[in-house]
Amino acid sequence: MTRELQITFDCADPARLASFWAEALGYQMQPPPAGFDSWDVALGSFGVPRDQWNSRAAILPLEGPHPRIFFQQVPEGKSAKNRLHLDVRAAPGLDGAERMKAFEVEASRLGLLGATRSYRVEPDNATMEAGFITMQDPEGNEFCLD
């Protein structure tokens, strides 16, 4: 049986990171429970202390069977390279210079949202490398434009 998948990020600022990834992936912030106009109203009603209101956040796909992405606050910071990372498919079906140009446009857009660029790998037919750009989200988690 196929299982649903949720991707979880440990982070310092769930609201900020959720907002970044919602914009990066074309997702939406998870809406508050039925009967509440906002998460602040819901959390206040549930009796959650105000200092814990940014302890978690989630984003949902606008359409399709894509995974929910959850962000949970943790006390420790990121200390090493990710063992798992996301590949953001920013240029499906494109090759060569056209592919890399699409990546540059997306890297610029994500930079305005708080991402930083790490490095670019050029296409190389001899090694079957299609080319990609590695970036970091606002908390330093690596991801690739692929």
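Residues numbered from 1 in each chain as written. Predicted model: local features only at pLDDT ≥ 70, side-chain atom pairs only at ≥ 80, totals over all residues. Heavy atoms only, no water.

## Looking at the pattern of salt bridges
Stage number 1. Scanning all chains against the criterion turns up six salt bridges.
Stage number 2. A salt bridge links Asp-146 to Arg-99; the shortest N-O distance between them is 2.7 Å. Here the residue Asp-146 occupies a position in the segment after strand 8 (142-145), and Arg-99 occupies one in helix 3 (residues 96-112), the gap between them amounting to 47 residues.
Stage number 3. When its relative accessible area of 21% is taken as the criterion, Asp-146 is described as partly exposed.
Stage number 4. For Arg-99, a relative accessible area of 6% gives the class buried.
Stage number 5. For Arg-117, the salt bridge is made with Glu-104, and the minimal N-O distance between the two is 2.7 Å. Of this pair, Arg-117 sits in strand 6 (residues 116-121) while Glu-104 sits in helix 3; the two residues are 13 residues apart in sequence, bridging distant segments of the chain.
Stage number 6. Under the relative-accessibility criterion, Arg-117 is labelled partly exposed at 41%.
Stage number 7. One salt-bridge network, held together by shared partners, links Glu-104, Arg-117, Arg-120 and Glu-122. (Salt bridge = Lys/Arg side-chain N within 4 Å of Asp/Glu carboxyl O. Helix = DSSP H or I, 4+ residues; strand = E, 2+ residues; numbered from the N terminus. Buried < 20%, exposed > 50% of the residue type's maximum accessible area, 1.4 Å probe, protein only.)

## A few points about the environment of Leu-62
Stage number 1. Structurally, Leu-62 is set in the loop between strand 3 (56-61) and strand 4 (68-73).
Stage number 2. Owing to a relative accessible area of 58%, Leu-62 belongs among the exposed residues under this scheme.
Stage number 3. In this structure Leu-62 touches Gly-26, Tyr-27 and Gln-28, once residues within four positions along its chain are discounted. (Contact = heavy atoms within 4.5 Å.)

## Some details on the sheet that holds strand 5 (residues 86-88)
Stage number 1. Here we have four strands laid out as an open sheet, ordered 5-8-7-6, and mixed in their pairing. Two strands close off the open sheet at either side, each with one partner strand: strand 5 and strand 6. Strand-to-strand, the axes of this sheet are offset by a mean angle of 25°, without reference to chain direction.
Stage number 2. As judged from the four bridges shared by strand 7 (residues 132-136) and strand 8, these two strands associate in the antiparallel manner. Considered in strand 8, the bridge of Met-135 is made with Phe-143.
Stage number 3. Across the sheet, helix 3 lies against strand 6, strand 7 and strand 8, angled at about 10° from strand 7, the strand it touches most. (Pairing = 2+ DSSP bridges. Axes fitted to C-alpha atoms, helices over the stretch in contact; angles between N-to-C directions.)

## Details of the nonpolar core
Stage number 1. By size, the foremost hydrophobic cluster in this structure holds 25 residues, and its most contacted members are Trp-21, Ile-59, Phe-71, Leu-110, Met-135, Phe-143 and Leu-145.
Stage number 2. Mapped by element, the contributors of at least two residues to this core are strand 1 (6-11), helix 1 (14-25), strand 3, strand 4, strand 5, helix 3, strand 7 and strand 8.
Stage number 3. In terms of residue count, helix 1 provides more of this core than any other element does, six residues in total.
Stage number 4. Ignoring anything within four residues of it in the chain, the contact list for Trp-21 reads Phe-9, Ile-59, Phe-71, Leu-86, Val-88, Asp-137 and Phe-143. (Core = buried A, V, L, I, M, F, W, Y, C linked by side-chain atoms within 4.5 Å.)

## Brief notes about unusual backbone geometry
Stage number 1. Its identity as a non-glycine residue notwithstanding, Met-128 has a phi of 60°, on the positive side.
Stage number 2. Within the secondary structure, Met-128 is located in the loop between strand 6 and strand 7.

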